[in-house]
Amino acid sequence: MATKKPGQQRKFVLDESEMPTRWYNIIPDLPEPPPPPLHPGTHEPIGPDDLAGLFPADLIAQEVTTERYVDIPEEVQDVYRLWRPSPLHRAVNLEKALGTPARIYYKYEGVSPAGSHKPNTAVPQAFYNAKAGITKLTTETGAGQWGTALAFASSLFGLECEVWQVGGSYDAKPGRRTLIETFGGTVHRSPSRLTEAGRAYPEDHTGSLGIAISEAVEVAAQREDTNYALGSVLNHVLLHQTVIGEEALLQLAKAGEDDVDLVIGCTGGGSNFGGLCFPFLREKLAGRISPEIRAVEPASAPSLTRGEYRYDFGDTAGLTPLMKMHTLGHDFVPDPIHAGGLRYHGMAPLISHVYELGLMTATSVDQTACFEAAVQFARTEGIVPAPEPTHALAVAIQEALACKETGEEKVIVTALCGHGLLDLAAYEAFLSGRMTDSGLSDEALRSALAAVPQIG
Ligand SMILES: *Cc1c(COP(=O)(O)O)cnc(C)c1O
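Because the structure is a prediction, the values reported are computed rather than measured.

Novice: Help me understand the overall build of the protein chain, please; the structure alone is not making it clear to me.
Specialist: A count of helical and extended segments in the protein chain gives 19 helices and 15 strands. Computed over the C-alpha atoms, the radius of gyration of the protein chain is 20 Å, within 12% of the 23 Å expected from 2.2 N^0.38 for a compact globule of 456 residues. In the protein chain, which comprises 456 residues, the proportion classed as buried is 58%. Of the contacts made within the protein chain by residues no fewer than 6 positions apart, 76% connect residues no fewer than 24 positions apart.

In structure tokens form, the structure reads like this:
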């Protein structure tokens, strides 16, 4: 068992030859499959043909696959090796500062070219689109991480990449825009004047992921050579992210941990959380380990903890299929909190289903509490976290402090899914005392939910 003595191992790294060669699909291991997506017009379950205008056949096949494992193409593994396997750190300095007997591990995805976990799916998505003869991808980006990842992946596979960035994020993070352009992408502030979906809003509107998705989908649907790519929410995206959890399991074994008490991740659309947690859930369902699996979301966009589980659109204009998910209502516009990647009205249907099955728990945190944790983490571990994973860090610290009371040596694992070096405006707001918490009133929630379609 690991103990806390000076000189002890802080990083558990894998050789490139130990990188996973398959993605893990949790669906066949669940007691029942998730409800199917429905056609927005007929309300009948959609078939592969309904998605063919937006996605290549290989990704549609992955979206509906019932196979437990999907091989990672050699070309994708080759790109993954630019930064994968990513390190698993033990937060020894943070543990000491907290005075906790708990052991805290974080899987660090900020070592990727975009600075987050997003390239894990951007790379295969660009690869399969290029293979299908597509020449251009459109997408939305909230915090700028997904736009960066897709621009990077597109450049590797010779695709054009056009990004609608949520207005508030576009204004606050010019560095992200420059990074996307450096990787060869084009960026529009959303709502833009280029689409019908965008023109429905005033030009100076702060925007939302739902609006930006509508814009990107509208443009992709009009052109044969152009597809749309989504950075979270869908089954194939969560599938690609499972390399995170697969590596973490191998690394925890190297650290000598034979069980885990708590796996914690932040949830926007659910992809870094699913990517970390699904391999742990597989092991738990097989009776080999027994962690609690917990999602943490912002108090101002609490789709799991306060949203309703029902069919809703993935975007504001209602262009996407209807998905059964925890939703705040597709035209809900969350407060412009700094964790732009967590400002989504819905939760991945697969995560929503796993939550409904009682296989995981969820909680929400206000942003100032998140940044208190972030600063403590930065000052001990030396990494400035992206605003999104500070939600998971805040809960990891709470739990570690609870262990100090009880004396329990819990093993806590979290995904540090991105660094915050392009999010310094958020830190500046926190450090200067200008950051506030907004929460979400019952009134605002009720009115947003009123727009959700009534399905049988
Ligand atoms: C995009 C993003 C998120 C939110 O998306 P998920 O699909 O919930 O993971 C969280 N953290 C970072 C760093 C991101 O870039």
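Still more to cover.
Novice: Can you help me understand the pairing of strand β8 (residues 186-190) in this one?
Specialist: The side chains of a regular strand alternate, residue by residue, between the two faces of the sheet. Within β8, four of the five residues are buried, leaving the element largely enclosed by the surrounding structure. Of the pairings in the sheet, the one linking strand β7 (residues 160-166) to β8 comprises five bridges and is parallel in character. By the bridge assignment for β8, V166 is matched with S190.

Novice: What should I look at first to understand the environment of V237 in this one?
Specialist: With respect to the helices and strands, V237 occurs in helix α11 (residues 235-241). As for V237 and Y128, which are separated by 109 residues in sequence, their C-alpha atoms are 13 Å apart. Once residues lying within four places of it in the same chain are set aside, the contact partners of V237 are T121, L230, G231, S232 and S271.

Novice: What's the story with the packing of helix α6 (residues 145-156) against helix α8 (residues 174-182) in this structure? I'm lost.
Specialist: Helix-helix packing is characterised by the crossing angle of the two axes and by the distance between the axes. α8 packs onto α6 with a crossing angle of 10° between their chain directions and a minimal axis gap of 8 Å. Comparing their axes, α8 and α6 come out roughly parallel. For the pair α6 and α8, the crossing hand works out as left-handed. Where α6 abuts α8, its residues G147, T148 and A151 lie against R176, L179 and I180. Residue composition of the contact of α6 with α8, by class: three nonpolar, two polar and one charged.

Novice: Sorry if this is basic, but what is going on with the site of the ligand here?
Specialist: Not every one of the 21 residues close to the ligand is listed here, only the nearest: Q145, G268, G341, E388 and G418. Secondary structure elements with two or more residues in the shell around the ligand: α6 and α13 (271-285). In terms of residues, the shell around the ligand owes the most to one element, α13, which gives three residues. Grouping the amino acids of the shell around the ligand by side-chain chemistry returns eight nonpolar, eleven polar and two charged.

Parameters and conventions
- Residues numbered from 1 in each chain as written.
- Predicted model: local features only at pLDDT ≥ 70, side-chain atom pairs only at ≥ 80, totals over all residues.
- Helix = DSSP H or I, 4+ residues; strand = E, 2+ residues; numbered from the N terminus.
- Rg over C-alpha atoms; globule rule 2.2 N^0.38 Å.
- Buried ≥ 20, exposed ≤ 12 C-beta atoms within 10 Å, placed from the backbone.
- Contact = placed C-beta atoms within 7 Å.
- Pairing = 2+ DSSP bridges.
- Axes fitted to C-alpha atoms, helices over the stretch in contact; angles between N-to-C directions.
- Parallel < 35°, antiparallel > 145°, perpendicular 65-115°, else oblique.
- Left-handed = near helix turned anticlockwise from the far one by under 90°.
- Nonpolar A, V, L, I, M, F, W, Y, C, P; charged D, E, K, R; others polar.
- Near = placed C-beta within 6 Å.

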